[in-house]
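# Coordinates in review
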Amino acid sequence: MFATARTHPGSNRDSSRQHNLSTVLRLVHSTAGISRAQLTRTTGLNRSTIAVLVAELSQLGLAVESDLDTAQLHGRPSIKIDPSPAALALVVNPDVDVVSVALVSLGGHIVNTVRFHTVRAPSGVEVVNIVTAVYSGMRTSLPAGHRVMGVGLAIPGLVRTDDGTVIEAPHLGWQDEPLSSRLGEALGLPVFTANDAVVGARAQAAFGAGRGVADLLYLYGGASGIGGGVISDGRLIRGAAGFAGQLGHTHVRTGGTACTCGSSGCLEAEVTRAALIEAVGLPSGEIENLEEALLEKLQDGSSNDELCAVISHQIGLLAVGLKTVMSLLNPSAIVLGGFLRILVRAAPGALEEALAGCGPRRPWENVRIELAPLGEDQILIGAAELVFEPLLADPAGYLQGLAGE
Ligand SMILES: [Zn+2]
């Protein structure tokens, strides 16, 4: 959920109808099975207004009212409302050896996933061809009445916000790739594109460890570095060109290791998955087992001085980077995904300890450190949020625009 809801967000004025429809749909999207009574309480709107808004959302094909709830509330049965399983986003996540294509329904449920493996990094045109073929197959198995609202595209690279152009995706070998417009033309659907770590932050905020947290810092560590997303006061910070959240390039060590960005001592140059893999001694074919292998090695009783030194060094520098970002943003929770999650699990309490001890009333005091759930699916669920966000902001208006395309 990206709208802040610290006070009653609803309004009983007619002029705020779109706002109210949006508020109710956001609640239905984030809380499946929410009751009319809960909607009334949370929004501050009266019962009859809620009934009208829910009926409108049902007519638009965005919400489904269930039969009477078996739970009794103040002696009265309450009707439950779910996001419509027929309201869908097509999501696409191209990577070096696989193009993941999925349908995700409102409420963040993955309906269908196809992982199309490639022998080498696909070009933009190849991604379009793969997605067109996969989507065509998926559509045939969908029940009648389904509606695909748009395409969410998660890219392992830098994406320009205004037109969705991939400025640079080094691991795919792409530069200035207009995949967003290519896909839009091929499928006849609006396409929303973002960096994959940013998309992961959206998923964590909507359905994961950052759910309901208005000020959230998300960091994801992968093979190619550390990315992230910042949610401040309920909104994802994008920056002037959409490049905000490049937390991997936070400076953590003077005279440190050279970074791919041209600088040195960046967080992602110092804190790397490769160093952990080397210290564990994991063969290249078993990298997926890093978490298990690392925890096993730490527990097997043999000397692990080198591994412990690497973990300690990485956690220390991660804390340095986090303090800088936290001083700036004052988040209430930090969610760590990918190998950063493994790093923290390897030394329970060490990151909290490194963040503490700097005096009271600092921005890094009392912050909650969470390890990211949702696994690989977070990218798909988060990419669907790219599509659902404009729909949630103006449900009727977005559908009207879709019909006119
Ligand atoms: Zn850098």
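See above for the structure.
Please read these numbers as outputs of a predicted model, since none were measured by experiment. (Residues numbered from 1 in each chain as written. Predicted model: local features only at pLDDT ≥ 70, side-chain atom pairs only at ≥ 80, totals over all residues. Heavy atoms only, no water.)

Interaxial distance between helix H6 (residues 196–207) and helix H13 (residues 377–393) falls to 7 Å at its minimum, and their mutual angle equals 85°. For the element pair H6 / H13, the angle class is roughly perpendicular. Contact residues: H6 offers Asp196, Val199, Gly200, Arg202, Ala203, Gln204, Ala206 and Phe207, while H13 offers Gln378, Ile379, Ile381, Gly382, Ala383, Glu385, Leu386 and Glu389. Partitioning the contact of H6 with H13 into residue classes produces eight nonpolar, four polar and four charged. (Axes fitted to C-alpha atoms, helices over the stretch in contact; angles between N-to-C directions. Helix = DSSP H or I, 4+ residues; strand = E, 2+ residues; numbered from the N terminus. Parallel < 35°, antiparallel > 145°, perpendicular 65-115°, else oblique. Contact = heavy atoms within 4.5 Å. Nonpolar A, V, L, I, M, F, W, Y, C, P; charged D, E, K, R; others polar.)

Donor atoms from the polypeptide that bind the zinc ion are His249 (ND1), Cys259 (SG), Cys261 (SG) and Cys266 (SG), placed at 2.0 to 2.3 Å. If you look at the zinc ion, its four donor atoms make angles of 102 to 122° with each other, and the shape they trace is tetrahedral. Of note, the zinc ion draws all its donor residues from one chain, in the sequence arrangement H-x9-C-x1-C-x4-C. The two residues Cys259 and Cys266 agree in class, both being buried. (Donors = N, O, S within 2.8 Å, 3.2 Å for Na, K, Ca; no water. Tetrahedral: all angles 85-135°; square planar, octahedral: opposite > 155°, others 65-115°. Buried < 20%, exposed > 50% of the residue type's maximum accessible area, 1.4 Å probe, protein only.)

The next subject is the packing of helix H9 (residues 290–299) against helix H10 (residues 305–329). Relative to each other, H9 and H10 sit at 125°, their axes nearing to 10 Å. Judged by the inter-axis angle, H9 sits oblique to H10. When you trace H9 past H10, the crossing you get is left-handed. Along its contact with H9, which presents Leu294, Lys297 and Leu298, the element H10 presents Leu307, Cys308 and Ile311. (Left-handed = near helix turned anticlockwise from the far one by under 90°.)

Take the pairing of strand E12 (residues 216–222) next. The side chains of a regular strand alternate, residue by residue, between the two faces of the sheet. For E12, the tally of buried residues reaches six of seven residues, placing the bulk of the element in the interior. Strand direction decides the pairing type here: E12 and strand E13 (residues 225–232), joined by seven bridges, are antiparallel. Bridge pairing links Leu216 to Ile231 in E13. With antiparallel pairing between neighbouring strands as the criterion, E12 and E13 make up a hairpin whose turn holds two residues. Pairing of E12 with strand E15 (residues 333–338), which is carried by six bridges, proceeds in the parallel orientation. Each bridged residue has a counterpart across the sheet, and for Tyr218 the counterpart in E15 is Val335. (Pairing = 2+ DSSP bridges.)

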